Amino acid sequence: MKLCDPALFRQECYIGGKWLSGQKTIPVTNPADDTVVGFIPSLGGGETRQAIKSAKDAFPSWSRMTAQKRSQILKRWFAAICDNKNDLAYIMTCEQGKPLAEALAEVLSAAAYIEWFAEEAKRVYGDTIPMSQEGKRIVVLKEPVGVCAAITPWNFPSAMIARKTAPALAAGCTVIVKPSELTPFSALALAELADRAGVPPGVFNVITGPAEEIGSALTESSDVRKVSFSGSTSVGRLLMRNCSDTLKRISLELGGHAPFIVFEDAVIDVAVADAVESKFRNSGQTCVCANRFIIHESAYAEFVEKFVKAVEGQLFVGSGLIADNNQGPLIDIDAIEKLEDQIQDAIQKGARIATGGKRIPGKGLFFEPTVLLDVTSEMKILREETFGPIAPISQFITETEAITMANDSEYGLAAYFYSRDVGRAWRVTEALEYGMVGVNTARLSSEAAPFGGVKMSGIGREGSKYGMDEYLEIKYMCIGGI
Ligand code: ADP
């Protein structure tokens, strides 16, 4: 791997401030060319319990440290990430596949979460409440939850870790991260930089190995007081079930099926540009990607013509390490087969392909950016999360119909709509059963905003002051005899 600082490429786990290798290893492959990027330790329940113990031992001094000092350490971590952003982006592209420009943007976004929560560490305010009984006072304190586990997915190998870890550490919690086995090197590089920044041993740990075994050790332990997970709804559900015996706090950021509605009064060129950006970011592999397009009948012809032209003219598929490519590979063969299945099902039920539709032969897991027309609700593509570069388009006539179509999903993460009518902006936002709504924009993610979903898209919020609350307990002190 060509890095300015080769020491950032770690093939060991980071537990209790020490680097640990395993007797068994797991290869990590580059989805752009099937080559092996490196090997990670295959650690199990024993090492997970060791990490939990390290995090538990580190908790008293980390949580009692002044917020100012924790903030300074987090700021050093932020600065170290910024200083090494190009290496971090390169590592990410090699293991995940996304184009370098997107990887760099993600690294900076991860850094932004850490900086933002470094600031918030100093602003964990309590409360005083007027008491209804004489001679007593009510004081509300906020305290860190304790040892936390963060289980993270492959599609945002750095940002998901930062989004969970930064508020946890800022609040005074200690953390064990289990990254996806598909993209562990970004996590291990973050650990190397945390170590250099002076994050004390045991405060931030990264463990790799079989997901089920590590997951079970984390959920079974009564020392772990919170699990934060981003990933599939099925695994999220399982983790929630497994956390019930020890009654852990839980945050789940799960699947999505984002509708993208274009009303007749929208600025079509803006909607088209945002549609391309939202649908095809990370080759469609984000949980907030526009997943279905719902276009007013009077705007339909213009939208489809401009959208297909943009997809054909602006998207370049290939290795993310090559400068002009903006469409990297899919993460694995299952992802490709899911796309093929959704397309075949849609065609059988009457959809038409406007462009794309096939896997690109040869090395690497590449798929043509695809647009499907005449898509209807009984097709799989409008039910299952796609997680790939297919844009299914349907039409509507009335606002009520558009809202009904948009809400016709078990998911409720992000939704987008385009309209210049201010009354409609409020009406439709309030009617959409989603955790996040983009009105005339499809860029929602920000360290300052509460990210999260409703229904089968999860529980809890990440980022913003609300994201900090997820790592804080409320303690109420009642003082009598005054
Ligand atoms: P994705 O569809 O994004 O791969 P997954 O839910 O399969 O989503 O994976 C997200 C994260 O959850 C990864 O770190 C993965 O290793 C982990 N994971 C998968 N299965 C389990 C499990 N049974 N227990 C704990 N973690 C798991």
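Heads up: the structure comes first, above all this text.
How each quantity is defined
Residues numbered from 1 in each chain as written. Predicted model: local features only at pLDDT ≥ 70, side-chain atom pairs only at ≥ 80, totals over all residues. Heavy atoms only, no water. Helix = DSSP H or I, 4+ residues; strand = E, 2+ residues; numbered from the N terminus. Rg over C-alpha atoms; globule rule 2.2 N^0.38 Å. Buried < 20%, exposed > 50% of the residue type's maximum accessible area, 1.4 Å probe, protein only. Contact = heavy atoms within 4.5 Å. Lys, Arg positive; Asp, Glu negative; His and termini not counted. Charge placed at Lys NZ, Arg CZ, Asp CG, Glu CD. 1 Å grid on protein atoms, 1.4 Å probe; cavity = no way out; pocket = protein on both sides within 12 Å on 5 of 7 lines; lining within 4 Å. Points joined across faces, edges and corners; volume = space filled by probe spheres on them. Nonpolar A, V, L, I, M, F, W, Y, C, P; charged D, E, K, R; others polar. Pairing = 2+ DSSP bridges. Right-handed = clockwise from strand over helix to strand, strands pointing away. Near = heavy atom within 4 Å. Polar contact = N/O pair within 3.5 Å; in protein donor to acceptor, adjacent residues only side chain to side chain. Areas by Shrake-Rupley, 256 points an atom, 1.4 Å probe, with all protein chains shown as cover. Axes fitted to C-alpha atoms, helices over the stretch in contact; angles between N-to-C directions. Parallel < 35°, antiparallel > 145°, perpendicular 65-115°, else oblique. Left-handed = near helix turned anticlockwise from the far one by under 90°. Salt bridge = Lys/Arg side-chain N within 4 Å of Asp/Glu carboxyl O. Disulfide = S-S within 2.5 Å.

> Could you clarify how one ought to interpret the overall build of the protein in this entry?
If you tally the helices and strands in the protein, you get 14 helices and 22 strands. Here the C-alpha atoms of the protein give a radius of gyration of 23 Å, agreeing with the 23 Å that 2.2 N^0.38 yields for 482 residues. Across its three principal directions, the C-alpha atoms of the protein cover 70 × 60 × 40 Å. By the burial criterion, 56% of the 482 residues in the protein qualify as buried. Once local pairs closer than 6 in sequence are excluded, the contacts in the protein between residues at least 24 apart make up 73%. Within the protein, the 59 negative side-chain charges are centred at a point lying 7 Å from the centre of the 50 positive side-chain charges.

> What is the right way to look at empty space enclosed by the protein in this model?
If a probe the size of a water molecule is rolled over the atoms, the empty space left behind becomes visible. Counted under the stated rule, the structure contains 2 cavities of 30 Å³ or more. Volume-wise, the largest cavity comes out at about 40 Å³. If you trace the largest cavity, you find it lined by Lys164, Ser228, Phe229, Ser251, Leu252, Glu253, Phe451, Gly452, Ile459, Gly460, Arg461 and Glu462. Contributions of two or more residues to the lining of the largest cavity are made by β10 (224-230) and β11 (249-253). Of all the elements, β11 adds the most residues to the lining of the largest cavity, at 3 residues. Among the residues forming the lining of the largest cavity, the class breakdown is 4 nonpolar, 4 polar and 4 charged. The volume enclosed by the second largest cavity comes to roughly 30 Å³. Broken down by class, the residue content of the lining of the second largest cavity amounts to 4 nonpolar, 4 polar and 1 charged.

> Teacher, can you tell me more about the pairing of strand β19 (residues 436-439) here?
Within a regular beta strand, the side chains point alternately toward one face of the sheet and then the other, so they alternate between its two faces. The alternating pattern of β19 places Met436 and Gly438 on a buried face and Val437 and Val439 on a face that is not buried. As judged from the 4 bridges shared by strand β18 (residues 414-418) and β19, these two strands associate in the parallel manner. Along β19, the bridge assignment pairs phenylalanine 417 with valine 439. Between the parallel pair β18 and β19, the chain is carried across by helix α13 (residues 422-431), and the sense of this crossover is right-handed.

> Could you clarify how one ought to interpret the site of the ligand in this entry?
Around the ligand, a shell composed of 18 residues is seen, among which Thr152, Trp154, Lys178, Glu181 and Ser232 lie nearest. Interatomic distance of 2.7 Å between a backbone N/O atom of threonine 152 and an oxygen atom of the ligand. Lysine 178 is positioned with one of its side-chain polar atoms (N or O) 2.9 Å from an oxygen atom of the ligand. Burial of the ligand by the protein amounts to 79% of the accessible area it has alone, namely 550 Å². Going through the elements one at a time, α7 (211-220), β10 and α8 (233-243) are the ones with two or more residues in the shell around the ligand. For the shell around the ligand, the per-class residue count stands at 9 nonpolar, 6 polar and 3 charged.

> For this particular structure, what's the right way to read the pairing of strand β4 (residues 36-41)?
Relative to β4, strand β3 (residues 25-29) runs antiparallel, the two sharing 5 bridges. Across the sheet, the residue bridging to proline 27 is phenylalanine 39, located in β4. With antiparallel pairing between neighbouring strands as the criterion, β3 and β4 make up a hairpin whose turn holds 6 residues, including aspartate 34 at a positive phi of roughly 65 degrees.

> Teacher, can you tell me more about the packing of helix α2 (residues 67-83) against helix α4 (residues 100-120) here?
Two packed helices can be described by the angle between their axes and the distance between those axes. Two elements in contact, α2 and α4, have axes whose closest approach is 8 Å; the angle formed by their N-to-C orientations is 165 degrees. By the criterion of interaxial angle, the relationship of α2 to α4 is roughly antiparallel. The two elements α2 and α4 cross, and the hand of that crossing is left-handed. Facing α2, whose interface residues are Ser71, Leu74, Lys75, Trp77, Phe78, Ile81 and Cys82, α4 presents Val107, Ala111, Ile114, Glu115, Phe117, Ala118 and Glu119. Counted by class, the contact of α2 with α4 contains 10 nonpolar, 1 polar and 3 charged residues.

> Sorry if this is basic, but what is going on with the pattern of salt bridges here?
It is possible for side chains bearing opposite charge to pair when their charged atoms get close. One pass over the full model with this rule turns up 32 salt bridges. Residues lysine 358 and glutamate 368 are paired through a salt bridge, measuring 3.7 Å at the closest nitrogen-oxygen approach. Residue lysine 358 is found in the loop between β14 (352-355) and β15 (370-373), and its partner glutamate 368 is found in the loop between β14 and β15; the two are separated by 10 residues along the sequence. We classify glutamate 368 as partly exposed; its relative accessible area is 21%. Of the charged contacts in the structure, one is a salt bridge between glutamate 399 and arginine 427, with a shortest N-O distance of 2.8 Å. Separated by 28 residues along the polypeptide, glutamate 399 in helix α12 (residues 399-407) and arginine 427 in helix α13 bring together distant segments of the chain.

> Mind showing me how you'd approach the sheet that holds strand β6 (residues 137-144) here?
Picture the strands of a sheet paired through backbone hydrogen bonds; they go either parallel or antiparallel. Ordered by their spatial adjacency, 3 strands build an open sheet running β5-β6-β22, and the pairing between neighbours is antiparallel. Two strands lie at the open edges of the sheet, namely β5 (127-129) and β22 (472-479), each paired on one side alone. With direction set aside, neighbouring strand axes in the sheet form an average angle of 25 degrees. One ladder, built from 3 bridges, connects β5 with β6; its direction is antiparallel.

> Help me understand the state of the cysteines in this model?
Between two cysteines, a covalent bond joining their sulfur atoms is known as a disulfide. Taken as a whole and judged by the stated rule, the model has 0 disulfides. Take cysteine 13: it sits in no disulfide, and the sulfur closest to it among the cysteines is that of cysteine 148, at 19 Å. A relative accessible area of 0% means that cysteine 13 is categorised as buried. Looking at the unpaired cysteine 148, the closest cysteine sulfur is the one in cysteine 173, lying at 3.8 Å.

> Would you explain the sheet that holds strand β13 (residues 290-296) in this entry?
Pairing within the open sheet is mixed, and its 7 strands lie in the order β14-β15-β16-β13-β12-β18-β19. Edge strands, defined here as strands with exactly one partner in the open sheet, are β14 and β19. Here the average twist between neighbouring strands, direction ignored, is 25 degrees. Looking at chain direction, strand β12 (residues 258-262) and β18 are connected through 3 bridges and run parallel. Note on β18: the bridge partner recorded for isoleucine 261 is phenylalanine 417. Across the sheet, helix α10 (residues 297-314) touches β12, β13, β14, β15 and β16 (390-396), and the angle it forms with β13 is around 140 degrees. The strands touched by α13 within the sheet are β18 and β19, with β18 carrying the most contacts at an inclination of about 160 degrees.

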